[in-house]
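One letter stands for each residue in the lines below.
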Amino acid sequence: MARFTLPRDIYHGKGCIEELKNLKGKRAILVVGGGSMKHQGFLDKAVAYLKEAGMEVQLFEGVEPDPSVETVMKGAEAMRAFQPDWIVAMGGGSPIDAAKAMWAFYEYPDVTFEDLCIPFNFPELRQKAKFAAIPSTSGTATEVTAFSVITDYEKGIKYPLADFNITPDVAIVDSELVEGLPAHQVAYTGMDALTHAIEAYVSTLHGVYTDPLAMQAIEMVFDYLPASFRGNMEARAQMHDAQCLAGMAFSNALLGIVHSMAHKTGAAFSTGHITHGLANAMYLPYVIKYNAKDPVAAKRYAEIARKAGLMGSSEQALINSLCAKIDEFNVILGIPATLKDFGIKEDEFKEKISDIAENAVADACTGSNPRSIDPKTMEKLFTCIYYGTEVDF
């Protein structure tokens, strides 16, 4: 038996944030990030629509990028005091991810973070509240997924929490919210979406329900990301839909080691944070070359290239075209080709890579990667990415 889970309602198109006025409830807590939603007027709009729905509204503001366990606990405490029957999260992946974890601690104050780190181990939610998500970036697709990524800064590790319980009830995919995104964010989130779709397509858990969504998302990203990056608003609206389709695919097919590696390197080096989408974009071509040594994965990468209209008279030529296309996008979007180019110091890389490789293999996303990997091989793969050397193993 396989399972396919999505939000009950997905509203999409410019201006669909107005759907908030049709939610039924008494109290809504609105979880947001650092202030971009407020500056652009979307926060006031959301509050007004929720009040129009007859609800009392409380704000929980200031969720940081890569939300911490501490922020999650603080938000859950605010929810327990206010007792909302709707949790509405608006912004990038961070406030939505944080709100998903807050939801669990709100409804189950005695649950531990360690409990939630075990995949598909959440208690039954919706005992007190339903959840609506409104993304303001075009990448994480957390508005339609069963995932939340929370960072333990003491350990320097990002934990992907996974459970169909945290798939939102309502997703509001309003392209107006992404019109003001800075170009670098368009680049990183767009490549995150592409990675979601490609990893879902080759995942060991892919299937007939996820394949069409993943493929459609890949084609749309290839068609629209450069124009969206350059500021074309029609392309930006298309990318907002593309990332959501990719999210529907990977939430059900799961991901692979590109994400395992990105999760475990994001907060690991002293030279600064490696933004999630940038890490995915950097690692993706190397991982494709590693996975393509598996014949089943090779066939599926070649299918992606063929359906995306890339050239190649053999399976290997098509896979090379796919990697070349991703490299070309990274150049257009200003994304470095190696960890060395990114600025990670060589001695720190060498000192930490053995532990990072071990953590990456243990990541929840590794299990559905099409080719298995052990810590030693993971270390070799990271070394190729550091120096930009060929993956020939």
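Below is a short write-up of the structure.

What counts as what
Residues numbered from 1 in each chain as written. Predicted model: local features only at pLDDT ≥ 70, side-chain atom pairs only at ≥ 80, totals over all residues. Heavy atoms only, no water. Phe/Tyr/Trp six-rings, centres within 6.5 Å; stacked < 30°, edge-to-face > 60°. Helix = DSSP H or I, 4+ residues; strand = E, 2+ residues; numbered from the N terminus. Buried < 20%, exposed > 50% of the residue type's maximum accessible area, 1.4 Å probe, protein only. 1 Å grid on protein atoms, 1.4 Å probe; cavity = no way out; pocket = protein on both sides within 12 Å on 5 of 7 lines; lining within 4 Å. Points joined across faces, edges and corners; volume = space filled by probe spheres on them. Axes fitted to C-alpha atoms, helices over the stretch in contact; angles between N-to-C directions. Parallel < 35°, antiparallel > 145°, perpendicular 65-115°, else oblique. Contact = heavy atoms within 4.5 Å. Nonpolar A, V, L, I, M, F, W, Y, C, P; charged D, E, K, R; others polar. Expected span 1.5 Å × (residues − 1). Pairing = 2+ DSSP bridges. Left-handed = near helix turned anticlockwise from the far one by under 90°. Core = buried A, V, L, I, M, F, W, Y, C linked by side-chain atoms within 4.5 Å. Patch = residues over 30% accessible without salt bridge, like charges linked within 9 Å, V, L, I, M, F, W, Y side chains within 5 Å. Areas by Shrake-Rupley, 256 points an atom, 1.4 Å probe, with all protein chains shown as cover. Salt bridge = Lys/Arg side-chain N within 4 Å of Asp/Glu carboxyl O.

### Observations regarding the packing of aromatic side chains
Note on aromatic pairs: each is described by the distance of the centres and the angle between the planes.
Alright, step 1. For the structure shown, the criterion picks out 10 aromatic pairs.
Alright, step 2. Measuring from centroid to centroid gives 6.0 Å for Y290 and F393, while their planes differ by 55°, and the two rings are tilted. Here the residue Y290 occupies a position in helix 10 (residues 276-291), and F393 occupies one in the segment after helix 15 (375-387), the gap between them amounting to 103 residues. You'll find Y290 and F393 in the same group, each marked buried.
Alright, step 3. Consider the rings of F349 and Y386, whose centres lie 4.4 Å apart with planes at 25°: the pair is stacked. Of this pair, F349 sits in helix 14 (residues 346-362) while Y386 is found in helix 15, placing the two residues 37 residues apart along the sequence.

### Re empty space enclosed by the protein
Alright, step 1. Inspection of every chain in the model, using the stated rule, returns one cavity of 30 Å³ or more.
Alright, step 2. Its boundaries defined by the atoms lining it, the largest cavity holds a volume of some 50 Å³.
Alright, step 3. Every residue lining the largest cavity is listed: S138, L181, V186, T189, G190, L225, S228, R236 and M239.
Alright, step 4. Listed by contribution, the elements that provide at least two residues to the lining of the largest cavity are helix 6 (183-202), helix 7 (211-229) and helix 8 (233-253).
Alright, step 5. Among the elements that line the lining of the largest cavity, the one with the most residues is helix 6, at three residues.

### Considerations on the packing of helix 6 against helix 9 (residues 257-265)
Alright, step 1. Between helix 6 and helix 9, the shortest axis-to-axis distance is 9 Å and the interhelical angle comes to 140°. Of the possible angle classes, the one that applies to helix 6 and helix 9 is oblique. Facing D192, T195, H196 and E199 of helix 6, the residues of helix 9 in contact are I257, V258 and H259.
Alright, step 2. Of the residues in the contact of helix 6 with helix 9, the class split is two nonpolar, three polar and two charged.

### Description of helix 7
Alright, step 1. The first and last C-alpha atoms of helix 7 sit 26 Å apart over 19 residues, in line with the 27 Å expected at 1.5 Å per residue.
Alright, step 2. Directly beyond the C-terminal end of helix 7, a positive phi value near 105° is found at G231.

### Focus on the pairing of strand 4 (residues 86-91)
For a regular strand, the rule is simple: side chains alternate between the two faces of the sheet.
Alright, step 1. The buried fraction of strand 4 is high, at six of six residues.
Alright, step 2. The two faces of strand 4 match: W86, V88 and M90 on one face and I87, A89 and G91 on the other face are all buried.
Alright, step 3. Sheet analysis places strand 2 (residues 27-31) next to strand 4, joined by four bridges and oriented parallel. Within the sheet, the bridge partner assigned to A28 lies in strand 4 and is W86.
Alright, step 4. Where strand 4 lies against strand 5 (residues 130-135), six bridges are found, and the strand directions are parallel. Among the inter-strand pairings, G91 is bridged to a residue of strand 5, identified as P135.

### Digging into the packing of helix 10 against helix 15
A pair of packed helices can be characterised by two numbers: the angle between their axes and the separation between those axes.
Alright, step 1. Remark: helix 10 packs on helix 15, axes separated minimally by 10 Å, with the N-to-C direction vectors making an angle of 135°. As summarised for this structure, helix 10 and helix 15 are arranged oblique, according to the angle between their axes. Two packed elements cross with a definite hand, and for helix 10 against helix 15 that hand is right-handed. Across the interface between the two elements, Y283, Y286, V287 and Y290 of helix 10 pack against T377, L381, F382, C384 and I385 of helix 15.
Alright, step 2. When its residues are assigned to classes, the contact of helix 10 with helix 15 shows eight nonpolar, one polar and no charged.

### What about the nonpolar core?
Alright, step 1. Judged by nonpolar contacts, the single largest core of 89 residues is most densely connected at Y283, Y301, L339, L381 and F382.
Alright, step 2. Of the residues forming this core, the biggest block, 11 residues, is contributed by helix 6.
Alright, step 3. Setting aside anything within four residues of it in sequence, one finds L339 in contact with I274, M282, Y283, I344, F349, F382, I385 and Y386.
Alright, step 4. One finds I29, A101, M102 and I150 within the second-largest nonpolar core, a separate group that totals 34 residues.

### Quick look at a nonpolar patch on the surface
Alright, step 1. A contiguous nonpolar surface patch, about 350 Å² in accessible area, is contributed by F4, V208 and Y209.
Alright, step 2. Tracing the backbone shows Y209 in the loop between helix 6 and helix 7.

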